[in-house]
Amino acid sequence: MSAEERRESVIRAAITEFARGGYAATSTEAIAKRVGVSQPYLFRLFPNKQAMFLAAAERCLADTRKVFSDAAEGLEGGEALHAMAAAYQRLIVGDPDKLLMQMQTYAAVAAAEASGDHEFGESTRAGWLQMWDEIHLALGADLGETTTFLAYGMLVNTLASLGFPADHRIWSGFYDSARPIA
């Protein structure tokens, strides 16, 4: 396996480990074990744990942006909205670590900010802004639609993270494409 392929393996493993344990509680040893490499080898690919976390967070956001972009391709307005909502549901049901990684990323950035580290979240904010811009364009540059779509998305993240089952009444106010897959 080339160094680039191994780096990709580390990012995938980091998503899983950080998603499940968070930034503070996840050891680089656990990531190395999941990949099947030594811990010192990880540090040939990434300078430190923070770099691994940020690479995992950036990948998670990039994958989510791609899901939205692919779903909205050739569509506009309401069609794009429902296609992106349904595609996001498939993503978080099919790969729950993506959802958990998002939630861990928000918590890690908030904790870093609270402790005075204002640079930690820069790449995450940049990726989120790029996602906002892409969704905004897909929804016809309608500020209200963009805000509503992302607000529903964050509510979906919260409810799914809390484990509300697909048939729970709490989902009844969502449009069908934003409801969890049963």
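Conventions used here
- Residues numbered from 1 in each chain as written.
- Predicted model: local features only at pLDDT ≥ 70, side-chain atom pairs only at ≥ 80, totals over all residues.
- Heavy atoms only, no water.
- Helix = DSSP H or I, 4+ residues; strand = E, 2+ residues; numbered from the N terminus.
- Rg over C-alpha atoms; globule rule 2.2 N^0.38 Å.
- Buried < 20%, exposed > 50% of the residue type's maximum accessible area, 1.4 Å probe, protein only.
- Contact = heavy atoms within 4.5 Å.
- Lys, Arg positive; Asp, Glu negative; His and termini not counted.
- Charge placed at Lys NZ, Arg CZ, Asp CG, Glu CD.
- Axes fitted to C-alpha atoms, helices over the stretch in contact; angles between N-to-C directions.
- Parallel < 35°, antiparallel > 145°, perpendicular 65-115°, else oblique.
- Left-handed = near helix turned anticlockwise from the far one by under 90°.
- Nonpolar A, V, L, I, M, F, W, Y, C, P; charged D, E, K, R; others polar.
- 1 Å grid on protein atoms, 1.4 Å probe; cavity = no way out; pocket = protein on both sides within 12 Å on 5 of 7 lines; lining within 4 Å.
- Points joined across faces, edges and corners; volume = space filled by probe spheres on them.
- pLDDT = per-residue confidence, 0-100.
- Expected span 1.5 Å × (residues − 1).
- Polar contact = N/O pair within 3.5 Å; in protein donor to acceptor, adjacent residues only side chain to side chain.
- Core = buried A, V, L, I, M, F, W, Y, C linked by side-chain atoms within 4.5 Å.

### A look at the overall build of the chain
So, step 1. On a plain count of helices and strands, the chain comes out with eight helices and zero strands.
So, step 2. Helices and strands in the chain line up, N terminus first, as α-α-α-α-α-α-α-α.
So, step 3. Its C-alpha atoms give the chain a radius of gyration of 17 Å, within 12% of the compact-globule value 16 Å for 182 residues.
So, step 4. A total of 182 residues make up the chain; the buried ones form 41% of that total.
So, step 5. Counted over contacts in the chain with a minimum sequence separation of 6, partners at least 24 positions apart contribute 59%.
So, step 6. Charge separation in the chain, taken as the distance between the mean sites of 16 positive and 23 negative side-chain charges, equals 9 Å.

### Here we look at the packing of helix H6 (residues 96-114) against helix H7 (residues 122-138)
So, step 1. The interhelical angle for the contact between H6 and H7, taken along N-to-C directions, is 130°, at an axis separation of 10 Å. Of the possible angle classes, the one that applies to H6 and H7 is oblique. The chirality of how H6 crosses H7 is left-handed. Every residue of H7 that contacts H6 at Thr 105, Tyr 106, Val 109 and Glu 113 is listed here: Thr 124, Arg 125 and Trp 128.
So, step 2. Residues that form the contact of H6 with H7 fall into these classes: three nonpolar, two polar and two charged.

### With respect to the layout of surface pockets
So, step 1. What the largest pocket holds in volume is close to 160 Å³.
So, step 2. Contributions of two or more residues to the lining of the largest pocket are made by helix H5 (77-94) and H6.
So, step 3. At three residues, the largest contribution of residues to the lining of the largest pocket is made by H5.

### Observations regarding the confidence of the model for the chain
So, step 1. Looking at the chain as a whole, its pLDDT mean stands at 93, while 99% of the residues score no less than 70.
So, step 2. Looking across the chain, the model is least confident in H5, with a mean pLDDT of 92, and most confident in helix H2 (residues 28-35), with 97.

### Some details on helix H8 (residues 143-161)
So, step 1. Under the 1.5 Å per step criterion, the end-to-end length of H8 is 27 Å for 19 residues, consistent within 8% with the ideal 27 Å.
So, step 2. Along H8, the residues that are buried comprise Thr 146, Phe 149, Leu 150, Gly 153, Val 156, Asn 157 and Leu 159.
So, step 3. The distance from a side-chain oxygen at the start of H8 to the backbone nitrogen of Gly 144 is 3.0 Å, and the residue carrying that oxygen is Asp 142.
So, step 4. Following H8 by one or two positions, Gly 163 has its phi on the positive side, about 85°.

### Brief notes about the nonpolar core
So, step 1. Core analysis: the biggest nonpolar cluster contains 27 residues, and Val 10, Phe 18, Ile 31 and Met 101 have the highest contact counts within it.
So, step 2. Counting residues per element, the ones that place at least two in this core are helix H1 (3-25), H2, helix H3 (39-45), helix H4 (49-72) and H6.
So, step 3. Core analysis: the second largest hydrophobic core is formed by 26 residues, Phe 68, Ala 71, Met 131 and Leu 139 among them.

### Brief notes about the side chain of Thr 124
So, step 1. Mapped onto the elements of the fold, Thr 124 is located in helix H7.
So, step 2. Judged by its relative accessible area of 6%, Thr 124 is buried.
So, step 3. Setting aside residues up to four positions removed in sequence, Thr 124 forms contacts with Leu 54, Ala 57, Leu 61, Thr 105 and Val 109.

### A closer look at the side chain of His 136
So, step 1. Topologically, His 136 is positioned in helix H7.
So, step 2. A distance of 2.8 Å separates the side chain of His 136 from the side chain of Thr 146, its partner in a polar contact.
So, step 3. For His 136, the residues in contact, after removing those within four places along its chain, are Ala 141, Asp 142, Leu 143 and Thr 146.

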